[in-house]
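Observations on the three-dimensional arrangement
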Amino acid sequence: MTGRPATPPRLRVLAVDDEPPALDELLYLLRNDPRVEYVHSAADAAEALRVLHENDVDVAFLDIRMPGLDGMDLARVLQRFARSPAVVFVTAYDDRAADAFDLGVVDYVRKPVRAERIAESLRRVLSERAAVEDRPAAPPEASPAGGDPMIPVELGGVVRLLPRSSVCWVEAQGDYARLHTTDGSHLVRVSLTQLEERWTDAGFLRIHRSYLVRLDLVTELRLTGSGYVVSVGGHQLPVARRHTRVLKDRLIRPAKQHWG
């Protein structure tokens, strides 16, 4: 019996260009390609990073010459993401092609863009993704060390890239989360529950409905009259009763086993 043919993969795309007519044309061509699932857009690198903080994309189509961070700078930032999208440059200039391919981009498209040229870029992206998926997995001891994802945080109109390793603990503030580091705090538009799901494998643990902590930075677990508290970066944070057992298992048991 013949099975149904596999559903062709569809791509989640980000298009970035500071010139509205060029961006509109690129969006039109991408949205009319059946291999594209949906398209996000951004007018500059700062807006692109905000989009990427909230959405996963498979490929980013980037203009090179933009104010602030240019396309080359943005591509370098994307390489540091835990799950970095493929990159296609779309530009009116050909003097950066060598630099672009040194960054490992999938394609370099000259403006004005044409439907068949964008179609070829999408074909290359899908072909590269298929090659990666077909590649045999490396044995555990040969696996590269995990990356340090960068978090875009905004202050006064300036986007700063904050490495996750600098975050000590996270505090819920409604639909937002405040990231506490050794040198300050930053508000990002993501819920604590979402961060808990994303960061558990990186050593973060939910200890309270309002707090997520990095376990390797916990220096004390203490019982008070109102329950347990932990010390993280010189701050004392409450531990909810329902989280106490898991916290002890993750924090104390490994230490005892090490010294036992």
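So, a few notes on the structure that sits alongside this text. (Residues numbered from 1 in each chain as written. Predicted model: local features only at pLDDT ≥ 70, side-chain atom pairs only at ≥ 80, totals over all residues. Heavy atoms only, no water.)

In this section: the pattern of salt bridges. For the structure shown, the criterion picks out 13 salt bridges. Close ionic contact of Glu220 with Arg222 constitutes a salt bridge, the shortest N to O distance being 3.5 Å. Overall, Glu220 belongs to the partly exposed group, its relative accessible area being 34%. Under the relative-accessibility criterion, Arg222 is labelled partly exposed at 32%. Look at the salt bridges and you will find they share partners, linking Asp107, Arg117, Glu120, Arg123 and Arg124 into a network. (Salt bridge = Lys/Arg side-chain N within 4 Å of Asp/Glu carboxyl O. Buried < 20%, exposed > 50% of the residue type's maximum accessible area, 1.4 Å probe, protein only.)

What follows covers the sheet that holds strand β3 (residues 59-62). Pairing in this open sheet of five strands is parallel, and the strands run β2-β1-β3-β4-β5 from one edge to the other. Looking along the sheet, the strands with just one partner apiece sit at the ends: β2 (36-42) and β5 (107-110). Averaged over all pairs of adjacent strands, the angle between strand axes in this sheet comes to 20°, irrespective of strand direction. With four bridges joining them, strand β1 (residues 11-16) and β3 adopt parallel strand pairing. Bridge assignment links Val16 to a residue of β3, and that residue is Leu62. Along the sheet, helix α1 (residues 20-31) makes contact with β1, β2, β3 and β4 (86-91), crossing β2 at roughly 170°. (Pairing = 2+ DSSP bridges. Helix = DSSP H or I, 4+ residues; strand = E, 2+ residues; numbered from the N terminus. Axes fitted to C-alpha atoms, helices over the stretch in contact; angles between N-to-C directions. Contact = heavy atoms within 4.5 Å.)

Just distances and angles here, no functional claims.
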